[in-house]
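The lines below spell out each chain.
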Amino acid sequence: MADPVKLSVIYYSSTGTISEIANALVAEAEKAGAEVRLRKAPELAPDAAIDSNPAWRANIDATASVQEVAADDIVWADAVIFGSPTRYGNIAAQLKQFIDTLGGEWQQGLLADKVYSGFTSSATKHGGQESTLLALYNTFHHFGGIIVSPGYTDGSKFVDGNPYGTSHVDAQGQLKVDDETRTAAAVQAHRVVAIAQRLKNGA
């Protein structure tokens, strides 16, 4: 039996949308046979900002048991899926801050030759989802990583329409994660695990 793929799903979520998608990706990757670590980026915002938005505070409390990410979570993994809400067409500062701590691992070549992918959300349609994922993928080029996007490899991708990664429009929390987004997460998770398994097996 093949050695299972080791997958880390690493995310930052403020009000919970990205957290929910992360959990969907974990469930689908486990169905695909992967050994999965779910990790969150540390919160950098002050309590005053968090408490100004009840959904933000609720998500902090709901995910208190999720372990914070460490460099080892990437070194350990064969594949990594990063998630972040869009912030002006880029990833959130909380996730970027973690990525910026990886210089030592990068210099040692410990981030290279792994499968990488990404997912995101925005408050509005056309609110920066594609640019956020493309900006994230720039990092993977520097790592020497292997980018595995969902592409249009499944008929459902012509419904959600994002070949770069799973994405969701939450309309300031009014639109919850739905079946369309969950299907996109399933396609992405299974594809990432399948490609990583082939690479791991030397296929």
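Residues numbered from 1 in each chain as written. Predicted model: local features only at pLDDT ≥ 70, side-chain atom pairs only at ≥ 80, totals over all residues. Heavy atoms only, no water.

Peer 1: Before we go on, may I ask you to explain the overall build of the chain in this structure?
Peer 2: Across its full length, the chain carries 9 helices and 7 strands. The C-alpha atoms of the chain give a radius of gyration of 16 Å, which matches the 17 Å a tight globule of 203 residues would have. With the principal axes as the frame, the chain shows a C-alpha extent of 50 × 40 × 30 Å. Looking at the chain as a whole, 49% of its 203 residues qualify as buried. For the chain, long-range pairs separated by at least 24 residues make up 78% of all intrachain contacts whose partners lie at least 6 apart in sequence. Averaged over its 16 positive side-chain charges, the chain has a centre that lies 2 Å from the centre of its 23 negative ones. (Helix = DSSP H or I, 4+ residues; strand = E, 2+ residues; numbered from the N terminus. Rg over C-alpha atoms; globule rule 2.2 N^0.38 Å. Buried < 20%, exposed > 50% of the residue type's maximum accessible area, 1.4 Å probe, protein only. Contact = heavy atoms within 4.5 Å. Lys, Arg positive; Asp, Glu negative; His and termini not counted. Charge placed at Lys NZ, Arg CZ, Asp CG, Glu CD.)

Peer 1: Just checking my understanding: could you explain the pairing of strand β1 (residues 6-11) for this structure?
Peer 2: Two faces, one strand: in a regular strand the side chains alternate between the faces of the sheet. Among the 6 residues that make up β1, 5 are buried, leaving the element largely enclosed by the rest of the structure. Bridge count between β1 and strand β2 (residues 35-40): 6 bridges; the pairing is parallel. The residue bridging Leu 7 from the neighbouring strand is Val 36, located in β2. Read from β1 through helix α1 (residues 17-31) to β2, the crossover connection turns out right-handed. (Pairing = 2+ DSSP bridges. Right-handed = clockwise from strand over helix to strand, strands pointing away.)

Peer 1: Teacher, can you tell me more about the packing of aromatic side chains here?
Peer 2: For any pair of aromatic rings, the description rests on two quantities: the centre-to-centre distance and the angle between the ring planes. Applying the stated criterion to the full structure yields 6 aromatic pairs. When the ring of Tyr 137 is compared with that of Phe 140, the centres are 5.6 Å apart and the planes differ by 35°; the resulting orientation is tilted. A residue pair is termed a helical-turn pair when its members lie 3 or 4 positions apart in one helix, as Tyr 137 and Phe 140 do in helix α7 (residues 129-143) at 3 residues. Overall, Phe 140 belongs to the buried group, its relative accessible area being 0%. Through pairs of rings, three or more aromatic residues link up here, namely Phe 82, Tyr 116, Tyr 137, Phe 140 and Phe 143. Note that Arg 37 overlies the ring of Trp 76, its terminal NZ or CZ placed 4.0 Å from the centroid. (Phe/Tyr/Trp six-rings, centres within 6.5 Å; stacked < 30°, edge-to-face > 60°. Lys NZ or Arg CZ within 6 Å of the ring centre and 35° of its normal.)

Peer 1: Just to check I follow, could you spell out the nonpolar core for this structure?
Peer 2: Across soluble globular proteins, nonpolar side chains show a tendency to be buried alongside one another. Among the nonpolar cores identified, the biggest contains 27 residues, and Leu 7, Val 9 and Phe 119 are the most heavily contacted of them. Every element with two or more residues in this core is listed here: β1, α1, β2, β3 (79-87), β5 (115-122) and α9 (179-200). The biggest single contributor to this core is α1, with 7 residues. Residue contacts for Val 9: discarding those within four places in its chain leaves Ala 22, Val 26, Val 36, Arg 37, Leu 38, Arg 39, Ile 81 and Phe 119. If you look at the next biggest cluster of nonpolar residues, it comprises 23 residues, including Trp 56, Trp 76, Val 80 and Tyr 137. (Core = buried A, V, L, I, M, F, W, Y, C linked by side-chain atoms within 4.5 Å.)

Peer 1: Teacher, can you tell me more about the pairing of β5 here?
Peer 2: Buried residues dominate β5, accounting for 8 of its 8 residues. Here β5 shows a buried face lined by Val 115, Ser 117, Phe 119 and Ser 121 and a second buried face lined by Tyr 116, Gly 118, Thr 120 and Ser 122. Looking at chain direction, β3 and β5 are connected through 7 bridges and run parallel. Bridge assignment links Val 80 to a residue of β5, and that residue is Tyr 116. With respect to chirality, the unit in which β5 leads through α7 into the neighbouring parallel strand β6 (residues 146-147) is right-handed. One ladder, built from 3 bridges, connects β5 with strand β7 (residues 167-169); its direction is parallel. Directly across from Ser 122, in β7, lies its bridge partner Val 169.

Peer 1: I tried to follow the pattern of salt bridges on my own but got confused; where do I start?
Peer 2: Opposite charge on two side chains allows them to pair when their charged atoms are near. For the coordinates displayed, the defined rule picks out 11 salt bridges. Across the pair Asp 100 and Lys 96 runs a salt bridge whose closest N-O atoms are separated by 2.8 Å. Of the residues examined, Asp 100 reaches a relative accessible area of 52% and is grouped as exposed. Lys 96 gets classed as partly exposed once you look at its relative accessible area, which sits at 36%. A salt bridge links Asp 160 to Lys 157, with the shortest nitrogen-to-oxygen separation between them at 2.9 Å. Taken together, the residues Asp 160 and Lys 157, both in helix α8 (residues 157-160) and 3 residues apart, mark about one turn of the helix. As far as the burial class goes, Asp 160 and Lys 157 line up, both buried. (Salt bridge = Lys/Arg side-chain N within 4 Å of Asp/Glu carboxyl O.)

Peer 1: When you look at α1 in this model, what are you seeing that I'm missing?
Peer 2: One full turn of an α-helix is made of 3.6 residues, so residues set three or four places apart face in the same direction. For α1, with 15 residues, the first-to-last C-alpha span of 22 Å sits near the 21 Å given by 1.5 Å per residue. For α1, the full list of buried residues reads Thr 17, Ile 18, Ser 19, Ile 21, Ala 22, Ala 24, Leu 25, Val 26, Glu 28 and Ala 29. (Expected span 1.5 Å × (residues − 1).)

These results come straight from atomic positions and should not be treated as a statement about function.
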